Amino acid sequence: MASSAPHDMSNGWEAVANKLIALREHSSVGVEVIRTWARNLSNGAEVLDLGCGAGVPVSTALVEAGHKVYGVDASPTLAAEFQRRFLQMSVVCESVETSSFFDRCFDGVVAIGLVFLLSAAAQRQLILKVTSTLKSGGHFLFTSPYQICKWQDNWTRLESLSLGKDAYLELFSEAGLILVSNYTDEGENYYFHAKKP
(Lines give C-alpha, C1' and ligand atoms only; values in the text may rest on other atoms or scores of the structure.)
Protein backbone atom coordinates (compact mmCIF):
# COMPACT_ATOMS: atom_id res chain seq x y z
CA MET A 1 0.00 0.00 0.00
CA ALA A 2 1.40 3.40 -0.98
CA SER A 3 1.83 5.87 1.85
CA SER A 4 0.18 9.24 1.53
CA ALA A 5 2.28 12.39 1.28
CA PRO A 6 2.94 14.09 4.62
CA HIS A 7 0.62 16.98 5.46
CA ASP A 8 2.17 20.40 4.82
CA MET A 9 1.87 22.13 8.19
CA SER A 10 2.75 25.45 6.52
CA ASN A 11 -0.36 25.27 4.28
CA GLY A 12 1.69 25.90 1.16
CA TRP A 13 3.97 28.64 2.49
CA GLU A 14 7.11 26.51 2.66
CA ALA A 15 6.94 25.93 -1.11
CA VAL A 16 6.94 29.68 -1.82
CA ALA A 17 9.09 30.80 1.14
CA ASN A 18 12.15 31.90 -0.83
CA LYS A 19 10.04 33.85 -3.34
CA LEU A 20 8.22 35.56 -0.46
CA ILE A 21 11.50 36.49 1.23
CA ALA A 22 12.80 38.04 -1.99
CA LEU A 23 9.59 39.97 -2.67
CA ARG A 24 9.28 41.36 0.84
CA GLU A 25 12.97 42.22 1.22
CA HIS A 26 12.44 45.91 0.48
CA SER A 27 8.69 46.17 1.05
CA SER A 28 7.32 49.04 3.12
CA VAL A 29 3.61 48.31 2.55
CA GLY A 30 1.78 48.73 5.85
CA VAL A 31 4.77 50.02 7.79
CA GLU A 32 3.10 53.34 8.65
CA VAL A 33 0.04 51.50 9.97
CA ILE A 34 2.28 49.27 12.12
CA ARG A 35 4.10 52.32 13.48
CA THR A 36 0.82 54.09 14.24
CA TRP A 37 -0.54 51.01 16.03
CA ALA A 38 2.74 50.48 17.94
CA ARG A 39 2.49 53.96 19.48
CA ASN A 40 -0.26 52.53 21.69
CA LEU A 41 2.30 50.25 23.35
CA SER A 42 4.73 51.16 26.10
CA ASN A 43 8.42 51.22 25.22
CA GLY A 44 9.91 47.74 25.16
CA ALA A 45 6.52 46.05 24.87
CA GLU A 46 6.40 42.34 24.09
CA VAL A 47 4.55 41.69 20.82
CA LEU A 48 3.50 38.36 19.31
CA ASP A 49 3.69 38.31 15.49
CA LEU A 50 1.45 35.51 14.21
CA GLY A 51 2.45 34.34 10.75
CA CYS A 52 5.61 36.41 11.06
CA GLY A 53 7.24 35.16 7.87
CA ALA A 54 10.82 36.39 7.61
CA GLY A 55 9.93 39.44 9.69
CA VAL A 56 9.89 42.00 6.87
CA PRO A 57 8.36 44.51 7.07
CA VAL A 58 6.11 43.98 10.15
CA SER A 59 8.52 42.71 12.80
CA THR A 60 11.23 45.01 11.47
CA ALA A 61 9.00 48.03 12.11
CA LEU A 62 8.15 46.77 15.60
CA VAL A 63 11.80 46.15 16.51
CA GLU A 64 12.74 49.59 15.17
CA ALA A 65 10.03 51.04 17.44
CA GLY A 66 11.80 49.50 20.43
CA HIS A 67 9.60 46.45 21.02
CA LYS A 68 10.51 42.82 21.71
CA VAL A 69 8.97 40.55 19.08
CA TYR A 70 8.06 36.87 19.35
CA GLY A 71 7.45 35.28 15.95
CA VAL A 72 5.38 32.27 14.95
CA ASP A 73 5.45 30.75 11.48
CA ALA A 74 4.72 27.23 10.24
CA SER A 75 7.26 27.44 7.40
CA PRO A 76 10.71 26.20 8.51
CA THR A 77 12.42 28.40 5.91
CA LEU A 78 10.56 31.56 6.99
CA ALA A 79 11.08 30.86 10.70
CA ALA A 80 14.80 30.29 10.14
CA GLU A 81 15.10 33.52 8.16
CA PHE A 82 13.28 35.41 10.94
CA GLN A 83 15.77 34.03 13.48
CA ARG A 84 18.71 34.96 11.26
CA ARG A 85 17.48 38.56 11.00
CA PHE A 86 16.53 38.98 14.65
CA LEU A 87 19.07 37.12 16.75
CA GLN A 88 17.78 38.66 20.00
CA MET A 89 14.14 37.78 19.31
CA SER A 90 12.34 34.46 19.76
CA VAL A 91 10.67 32.51 16.96
CA VAL A 92 8.97 29.12 16.83
CA CYS A 93 8.13 27.05 13.76
CA GLU A 94 4.59 26.05 14.66
CA SER A 95 1.02 26.37 13.49
CA VAL A 96 -0.42 29.66 14.74
CA GLU A 97 -3.55 27.84 15.87
CA THR A 98 -1.60 25.68 18.35
CA SER A 99 1.45 27.83 19.12
CA SER A 100 3.16 27.35 22.47
CA PHE A 101 3.44 31.14 22.72
CA PHE A 102 -0.24 31.27 23.68
CA ASP A 103 0.93 30.08 27.10
CA ARG A 104 2.52 33.52 27.59
CA CYS A 105 1.07 37.01 28.00
CA PHE A 106 1.79 39.84 25.56
CA ASP A 107 1.28 43.59 25.36
CA GLY A 108 0.33 43.32 21.71
CA VAL A 109 -0.46 40.78 18.99
CA VAL A 110 -0.28 41.30 15.23
CA ALA A 111 -1.58 38.97 12.52
CA ILE A 112 -0.93 40.58 9.15
CA GLY A 113 -2.03 38.62 6.08
CA LEU A 114 -3.03 35.64 8.20
CA VAL A 115 -6.54 35.61 9.68
CA PHE A 116 -8.38 35.34 6.36
CA LEU A 117 -6.32 32.26 5.45
CA LEU A 118 -8.11 30.33 8.21
CA SER A 119 -11.57 28.76 8.23
CA ALA A 120 -14.38 30.67 9.92
CA ALA A 121 -14.17 28.39 12.97
CA ALA A 122 -10.38 28.73 13.17
CA GLN A 123 -10.63 32.53 12.90
CA ARG A 124 -13.03 32.57 15.85
CA GLN A 125 -10.76 30.31 17.93
CA LEU A 126 -7.70 32.39 17.07
CA ILE A 127 -9.37 35.63 18.16
CA LEU A 128 -10.39 33.99 21.45
CA LYS A 129 -6.80 32.76 21.96
CA VAL A 130 -5.40 36.20 21.18
CA THR A 131 -7.70 37.70 23.80
CA SER A 132 -6.56 35.18 26.41
CA THR A 133 -2.88 35.90 25.74
CA LEU A 134 -3.23 39.71 25.74
CA LYS A 135 -2.49 41.56 28.95
CA SER A 136 -5.15 43.92 30.25
CA GLY A 137 -4.91 47.02 28.05
CA GLY A 138 -3.20 45.01 25.30
CA HIS A 139 -3.70 45.71 21.60
CA PHE A 140 -4.47 43.41 18.66
CA LEU A 141 -3.98 44.29 14.98
CA PHE A 142 -4.94 42.11 12.02
CA THR A 143 -5.80 42.43 8.35
CA SER A 144 -8.87 41.20 6.54
CA PRO A 145 -11.21 42.80 4.00
CA TYR A 146 -14.10 44.69 5.63
CA GLN A 147 -16.62 42.99 3.33
CA ILE A 148 -17.67 39.34 3.38
CA CYS A 149 -15.79 37.61 0.56
CA LYS A 150 -13.88 34.53 -0.58
CA TRP A 151 -10.96 34.37 -2.98
CA GLN A 152 -7.98 32.24 -3.91
CA ASP A 153 -4.74 33.26 -2.20
CA ASN A 154 -2.20 34.41 -4.80
CA TRP A 155 0.66 32.58 -3.10
CA THR A 156 -0.70 29.27 -1.86
CA ARG A 157 -3.74 28.98 -4.18
CA LEU A 158 -5.81 28.06 -1.11
CA GLU A 159 -9.18 29.60 -0.36
CA SER A 160 -9.19 32.79 1.70
CA LEU A 161 -12.21 34.01 3.64
CA SER A 162 -13.14 37.35 5.15
CA LEU A 163 -16.02 37.14 7.62
CA GLY A 164 -16.74 40.85 7.11
CA LYS A 165 -16.60 43.79 9.48
CA ASP A 166 -19.87 43.05 11.30
CA ALA A 167 -18.85 39.47 12.05
CA TYR A 168 -15.45 40.55 13.32
CA LEU A 169 -17.08 43.12 15.59
CA GLU A 170 -19.35 40.37 16.94
CA LEU A 171 -16.30 38.19 17.57
CA PHE A 172 -14.62 41.08 19.41
CA SER A 173 -17.69 41.44 21.61
CA GLU A 174 -17.74 37.70 22.31
CA ALA A 175 -14.03 37.69 23.12
CA GLY A 176 -14.17 40.80 25.29
CA LEU A 177 -12.30 43.09 22.89
CA ILE A 178 -13.27 46.59 21.81
CA LEU A 179 -12.64 48.10 18.39
CA VAL A 180 -10.22 51.01 18.59
CA SER A 181 -9.79 51.90 14.94
CA ASN A 182 -9.59 50.71 11.35
CA TYR A 183 -6.82 51.55 8.89
CA THR A 184 -6.15 51.08 5.20
CA ASP A 185 -2.59 51.03 3.87
CA GLU A 186 -1.14 51.92 0.47
CA GLY A 187 -1.70 48.34 -0.72
CA GLU A 188 -5.42 48.67 0.12
CA ASN A 189 -5.11 46.19 2.99
CA TYR A 190 -7.78 46.76 5.66
CA TYR A 191 -6.79 46.59 9.34
CA PHE A 192 -8.77 45.97 12.52
CA HIS A 193 -7.29 47.42 15.71
CA ALA A 194 -8.86 46.04 18.87
CA LYS A 195 -8.02 46.42 22.55
CA LYS A 196 -8.50 44.28 25.63
CA PRO A 197 -9.96 46.56 28.34
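Structure first, text after, so check above.
Residues numbered from 1 in each chain as written. Predicted model: local features only at pLDDT ≥ 70, side-chain atom pairs only at ≥ 80, totals over all residues. Heavy atoms only, no water.

1. Some points on unusual backbone geometry
And step 1. Cis geometry marks the peptide bond from Val-56 to Pro-57, where omega comes out at 5°.
And step 2. Residues other than glycine seldom take positive phi values, yet Arg-157 does so here, at roughly 65°.
And step 3. Position of Arg-157 relative to the elements: it lies in the loop between strand S6 (149-152) and strand S7 (159-162).
And step 4. Given the relative accessible area of 46%, Arg-157 is considered partly exposed. (Helix = DSSP H or I, 4+ residues; strand = E, 2+ residues; numbered from the N terminus. Buried < 20%, exposed > 50% of the residue type's maximum accessible area, 1.4 Å probe, protein only.)

2. Observations concerning helix H1 (residues 17-24)
And step 1. Those residues of H1 that sit buried are Ala-17, Leu-20 and Ile-21. The arc that holds every buried residue of H1, seen down its axis, measures 100°, which confines them to one face. For H1, the exposed residues lying more than 90 degrees away from the buried face are Asn-18, Lys-19, Ala-22 and Leu-23.
And step 2. Against helix H4 (76-85) lie the buried residues of H1. (Arc of directions from axis to C-beta. Contact = heavy atoms within 4.5 Å.)

3. A closer look at the side chain of Asp-185
And step 1. Following the sequence through the fold, Asp-185 ends up in the loop between strand S8 (178-184) and strand S9 (190-195).
And step 2. Look at Asp-185: it is buried, it has no salt bridge, and the nearest opposite charge is Arg-24 at 9.6 Å.
And step 3. Within the local environment of Asp-185, its side chain forms a polar contact with the backbone nitrogen of Gly-187, the two atoms lying 2.8 Å apart.
And step 4. In contact with Asp-185, other than residues within four places in its own chain, are Val-29, Gly-30, Val-33 and Tyr-191. (Lys, Arg positive; Asp, Glu negative; His and termini not counted. Salt bridge = Lys/Arg side-chain N within 4 Å of Asp/Glu carboxyl O. Polar contact = N/O pair within 3.5 Å; in protein donor to acceptor, adjacent residues only side chain to side chain.)

4. Notes on the sheet that holds strand S4 (residues 106-111)
And step 1. If you trace the seven strands from one edge of the open sheet to the other, you get S3-S2-S1-S4-S5-S9-S8, paired in mixed fashion. Of all strands in the sheet, those bounded by a partner on one side alone are strand S3 (90-92) and S8. Here the average twist between neighbouring strands, direction ignored, is 15°.
And step 2. Across three bridges, strand S2 (residues 68-72) lies against S3 in parallel orientation. Across the sheet, Tyr-70 pairs through a bridge with Ser-90, a residue of S3.
And step 3. Lying on the sheet, helix H2 (residues 31-38) is in contact with strand S1 (46-50), S4, strand S5 (134-143), S8 and S9; it crosses S5 at an angle near 165°.
And step 4. Sheet contacts for H4: S2 and S3; angle to S3, the most-contacted strand, approximately 170°. (Pairing = 2+ DSSP bridges. Axes fitted to C-alpha atoms, helices over the stretch in contact; angles between N-to-C directions.)

5. Thoughts on the environment of Leu-48
And step 1. Mapped onto the secondary structure, Leu-48 falls in strand S1.
And step 2. On the basis of relative accessibility, which here comes to 0%, the residue Leu-48 falls in the buried class.
And step 3. Spatially, the C-alpha atom of Leu-48 lies 5.9 Å from that of Val-69, the residues being 21 residues apart in sequence.
And step 4. Those residues in contact with Leu-48 that lie beyond four places of it in its chain are Tyr-70, Val-72, Phe-101, Phe-102, Phe-106, Gly-108, Val-109 and Val-110.

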